[in-house]
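# Structural features, examined
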Amino acid sequence: MKRFLMVPFILILFVCAARGASPCGLCFRFDDNKSCEEWQRLADIFEKRGLRFSLAVNSGSALKDPARTKLLKTLSDRGHEIMDHTPFHTSMRLAVPNPDHYAKCDFVDHVSKDQVYFKIRFNPDHPQNRNLVLSFDGNRIIADAPEDQKFLSFGKFLVFPDGSIYGIGRKGEEPVLVNKYGEDLSDSPSMKKDKVILADRTAFEVADDGLALLAETSRANHKKMGLPPPRTFIIPGGWGVFPNAEQIQRVFGDRFGYAAGDGSYSRPGVLEGKRIDRFRMTPYWESLERHDVEKEKVLLSEQLESERVIPIISHLWSKNVPGGMDELFKRHEELLDWVVERKIPVKTYSEWADLIQPE
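Since the model is a prediction, treat every value here as computed from it, not as a measurement.

## What to know about the overall build of the protein
For the protein, the helix and strand inventory stands at nine helices and 17 strands. Taken across its 359 residues, the protein has 54% of its residues classed as buried. At a minimum sequence separation of 6, the contacts of the protein that also span at least 24 residues come to 71%. Counting every atom, the protein has about 16900 Å² of accessible surface; 49% of that belongs to carbon and sulfur.

In structure tokens form, the structure reads like this:
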């Protein structure tokens, strides 16, 4: 095993040094707000080895916790990157003190209580759209063809013949109809065996000005926490639409000076011939949450041979890790020792972005 791993990395480091325009190495990214204890343990592991990581933080939630705010400031001062993961882990709406102020804005769908809901635009020609025939039993969604039931997965959207948009939620194991913002419906459309479009969340765009309001809020939250302005936008998972790389660059990059994002391209064929770029630093999901250290070494060896920057995403989920959180942190220690031994470059998202030339 050691002989197998050593040769690829000698080649990788040679290629990385020889091709300054095509950097390659690792970025360790941790998503969502965790406990201060978990973040501190993580920082100790990385800093002991002279390395830094990138945290995708929901700034609005973090701002409510003084202990978390203090720790984020400390981590930032020590060189870790605190990234913009939206204020409250969604790109479709925002909690604000004065929602009525935005009620008549062009980018607003509606306001309710303390929330501003953003308009979204649907692309009917998106290559991942699929036509289905569906029926409804209350809010329960039933595909006319049983083999199509598997496509009714959580977080996707349905576009009806009249242009109305609904989402697919879950009640137990069954798909149910919710509104496009992920909220439960009291009534469902009275439809039987009618054609609808099953649309992937990448077939939509939030209005640019809605994303701009998110960016403004995140930047204000960072300032309140004593953090530098965020330089990387990380798309929130869970419920919602996924801004594409062009829109992230247009809004977060051009308007607010962000250096990086993790979008994908919206048009078919646009990836042909392209390497990673600063607004398409999509995450690599094969993390230590899924694999032991030896398997992770092999996978990273294979990926780095393609001369890429690998942003490894982790949510610090330990439920499927024998030994739980202690084992997960132990795996990180072992992997980082291996990374340091082989001199594999490790940088934050924005540091890698500064090295990646636009194509």
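## Side note on the environment of D162
Along the polypeptide, D162 turns up in the loop between β10 (157-159) and β11 (165-171). Taking the C-alpha atoms as reference points, D162 and V196, separated by 34 residues in sequence, lie 9.7 Å from one another. A distance of 2.6 Å separates polar atoms of two side chains, one belonging to D162 and the other to S164.

## Topic: the environment of G253
The residue G253 is located in helix α6 (residues 245-256) in this model. Judged by relative accessible area, which is 14%, G253 ranks as buried. When near neighbours in sequence (up to four residues on either side) are disregarded, G253 contacts I248, Y258 and F279.

## Brief notes about the packing of helix α7 (residues 293-304) against helix α8 (residues 324-341)
In contact at an axis separation of 10 Å, α7 and α8 are set at 40° when each is read in the N-to-C sense. Relative to α8, the element α7 is oriented oblique. Like other packed secondary-structure pairs, α7 and α8 cross with a definite hand, here right-handed. Contacts between α7 and α8 involve V293, E296, K297, L300 and S301 on the former and, on the latter, R331, E334, L335 and W338. Looking at the contact of α7 with α8 residue by residue, the classes come out as four nonpolar, one polar and four charged.

## Comments concerning the layout of surface pockets
The space that makes up the largest pocket amounts to roughly 330 Å³. Lining the largest pocket are 22 residues; nearest its centre among them are I235, F242, D262, P283 and W285. Looking at side-chain class alone, the lining of the largest pocket contains eight nonpolar, ten polar and four charged residues.

## Details of the pattern of salt bridges
A complete count under the given rule lists 19 salt bridges for this structure. The shortest N-O distance in the salt bridge between R29 and D262 comes to 3.1 Å. Of this pair, R29 sits in strand β1 (residues 25-31) while D262 is found in the loop between β16 (260-261) and α7, placing the two residues 233 residues apart along the sequence. Each member of the pair, R29 as well as D262, carries the same accessibility label: buried. Between K297 and E294 there is a salt bridge, with its nearest N and O atoms 3.1 Å apart. Residue K297 and its partner E294 are located together in helix α7, separated by three residues, close to a single helical turn. Note on K297: relative accessible area 13%, which makes it buried. Look at the salt bridges and you will find they share partners, linking R121, E205, D208 and R250 into a network.

## Overview of helix α2 (residues 36-48)
Counted at 1.5 Å a residue, the expected span for α2 with its 13 residues is 18 Å, and the 18 Å between its end C-alpha atoms agrees. For α2, the full list of buried residues reads E38, W39, L42, A43, I45 and F46. The arc that holds every buried residue of α2, seen down its axis, measures 165°, which confines them to one face. Opposite the buried face of α2, at more than 90 degrees from it, the exposed residues are E37 and K48.

Calculation criteria
Residues numbered from 1 in each chain as written. Predicted model: local features only at pLDDT ≥ 70, side-chain atom pairs only at ≥ 80, totals over all residues. Heavy atoms only, no water. Helix = DSSP H or I, 4+ residues; strand = E, 2+ residues; numbered from the N terminus. Buried < 20%, exposed > 50% of the residue type's maximum accessible area, 1.4 Å probe, protein only. Contact = heavy atoms within 4.5 Å. Areas by Shrake-Rupley, 256 points an atom, 1.4 Å probe, with all protein chains shown as cover. Polar contact = N/O pair within 3.5 Å; in protein donor to acceptor, adjacent residues only side chain to side chain. Axes fitted to C-alpha atoms, helices over the stretch in contact; angles between N-to-C directions. Parallel < 35°, antiparallel > 145°, perpendicular 65-115°, else oblique. Left-handed = near helix turned anticlockwise from the far one by under 90°. Nonpolar A, V, L, I, M, F, W, Y, C, P; charged D, E, K, R; others polar. 1 Å grid on protein atoms, 1.4 Å probe; cavity = no way out; pocket = protein on both sides within 12 Å on 5 of 7 lines; lining within 4 Å. Points joined across faces, edges and corners; volume = space filled by probe spheres on them. Salt bridge = Lys/Arg side-chain N within 4 Å of Asp/Glu carboxyl O. Expected span 1.5 Å × (residues − 1). Arc of directions from axis to C-beta.

Structural measurements only, silent on function.
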